[in-house]
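Observations on the model geometry
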Amino acid sequence: MSEDRPLERTVFVQDLLVVLASALAAHALRDLLSGWMPGLKPIVPTAVYVHLLLVFLPTWALCAERVGLHRVPVLTGPAVSLLRVVLVTQAWGSLAIALILVAAQVKLNRSLIVLFIVLSTLALAAANLLQR
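Position labels on residues start from 1 in each chain and follow its written sequence. Reporting of local features is limited, given that this is a predicted model, to residues whose pLDDT is at least 70; pairs of side-chain atoms are given and counted only at 80 or more, and all residues count toward the totals for whole chains, interfaces and linings. Water and hydrogen atoms play no part in the side-chain values, which are based on all heavy atoms of the structure.

**With respect to the side chain of R30**
Among the secondary structure elements, R30 is positioned in helix α1 (residues 5–36). Overall, R30 belongs to the buried group, its relative accessible area being 1%. Note on contacts: a residue pair is in contact if any heavy atoms of the two residues lie within 4.5 Å. Not counting chain neighbours up to four residues away, the residues in contact with R30 comprise L40, K41, P42, I43, N109, S111, L112 and L115. A run of H or I in DSSP counts as a helix once it spans at least four residues, and a run of E counts as a strand once it spans at least two, with each numbered from the N terminus. Working definition: with a 1.4 Å probe on protein chains only, accessible area under 20% of the residue-type maximum means buried, over 50% means exposed, and in between means partly exposed.

**Structural notes on α1**
Think of an α-helix as turning once every 3.6 residues; residues three or four places apart then point the same way. Multiply 1.5 Å by the residue count of a helix minus one, and that product is the helix's expected span. The end-to-end C-alpha distance of α1 is 46 Å, a good match for the 46 Å that 32 residues give at a rise of 1.5 Å each. For α1, the full list of buried residues reads E8, V11, F12, D15, V18, V19, S22, A23, A26, H27, R30 and L33.

**Description of the packing of α1 against helix α5 (residues 110–131)**
Fitting a line to C-alpha atoms yields each axis, with helices limited to the stretch in contact; the angle taken between N-to-C directions then spans 0 to 180 degrees. Two elements in contact, α1 and α5, have axes whose closest approach is 8 Å; the angle formed by their N-to-C orientations is 140 degrees. Classified by the angle between their axes, α1 and α5 sit oblique to one another. The handedness of the crossing between α1 and α5 comes out as right-handed. In this classification, Asp, Glu, Lys and Arg are treated as charged, Ala, Val, Leu, Ile, Met, Phe, Trp, Tyr, Cys and Pro as nonpolar, and every other residue, Gly included, as polar. A class-by-class count of the residues in the contact of α1 with α5 yields 15 nonpolar, seven polar and two charged. In what follows, roughly perpendicular refers to angles from 65 to 115 degrees, roughly parallel to angles under 35, roughly antiparallel to angles over 145, and oblique to any angle outside these ranges. The crossing is said to be left-handed when, going from far helix to near helix, the turn is anticlockwise and less than a right angle, and right-handed when the turn is clockwise.

**Regarding the environment of L62**
With respect to the helices and strands, the residue L62 is situated in helix α2 (residues 46–67). Exposure remark for L62: the relative accessible area of 52% places this residue in the exposed category. Measuring from C-alpha to C-alpha, the distance between L62 and W92 comes to 9.8 Å, with 30 residues separating the pair along the chain.

**Regarding the nonpolar core**
If you look at the biggest cluster of nonpolar residues, it comprises 27 residues, and the most contacted ones within it are V19, F56, W60, I97 and F116. Those elements giving two or more residues to this core turn out to be α1, α2, α4 (79–104) and α5. No other element matches α2, which puts eight residues into this core. Leave out the neighbours within four places in its chain, and F116 touches V19, S22, A23, A26, F56 and I97. Side-chain atoms within 4.5 Å link the members of a nonpolar core, which is a set of buried Ala, Val, Leu, Ile, Met, Phe, Trp, Tyr and Cys residues.

**Notes on the confidence of the model for the protein chain**
Across the chain, each position has a pLDDT score giving the predictor's confidence in that residue, from 0 to 100. Per-residue pLDDT for the protein chain has a mean of 76; in total, 89% of the residues score no lower than 70. At the level of individual helices and strands, the protein chain shows its lowest average pLDDT in helix α3 (residues 72–76), which scores 65, and its highest in α1, which scores 83.

**Section: the packing of α1 against α2**
At a minimum axis separation of 11 Å, α1 and α2 run at an interaxial angle of 150 degrees. On the basis of their axis angle, the class for α1 and α2 is roughly antiparallel. Both α1 and α2 take part in a crossing whose hand is right-handed. Across the interface between the two elements, F12, D15, L16, V19, L20, A23 and H27 of α1 pack against T46, Y49, L53, F56, L57, W60, A61, A64 and E65 of α2. Classifying every residue of the contact of α1 with α2 by side-chain character gives 12 nonpolar, two polar and two charged.

**Focus: the side chain of S120**
By the element assignment, S120 lies in helix α5. Between N or O atoms, a polar contact is any pair within 3.5 Å; within protein, one atom must be a potential hydrogen donor and the other a potential acceptor, and residues adjacent in sequence are included only when both atoms are from side chains. For S120, the side chain forms a polar contact with the main-chain oxygen of I117, separated by 3.3 Å. Residues within four places of S120 in sequence aside, it is in contact with S22 and Q90.

Right, dumping it as C-alpha cells:
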C-alpha cells in the first residue's frame, strides 16, 4: 500500500461490495431472463452457490491485492491501466470459479456465471473510474 492507506482500504472494501452486489444482480437478472427466454434452464437456488462466493470473494480479494487494484497510483493513472488491472483481477476470479466448479462438481447455470463476470467487470470499471 502507498502512503494513503485509509483511502486504499476504503477502495478495497468498496470493490468487494461491488463484486458481491454484482453476484446478487446477476442472480436477479438471470431469473428475469429465464422468463423472457424459455430455452434457459431453471435458475439454481441461491443457497446452492453461496459457498462459491465464500471461496470466490477471498480469492478475488487476494488477486486484487496482488495486482494493486485499489492502490492510489492505479486509481490516479491512465484509464487503460485501470482497465487492465480490472481485467486481470476478473480473469483470476474466473479461473477460481472454474476450478471451484470442477473440484466441487456444483450445478450452476453457466449463464449466471457469464452474467456475473460481465456485470462485475463493468461495475468494477465504473466504480473505479468514479473513485478517481
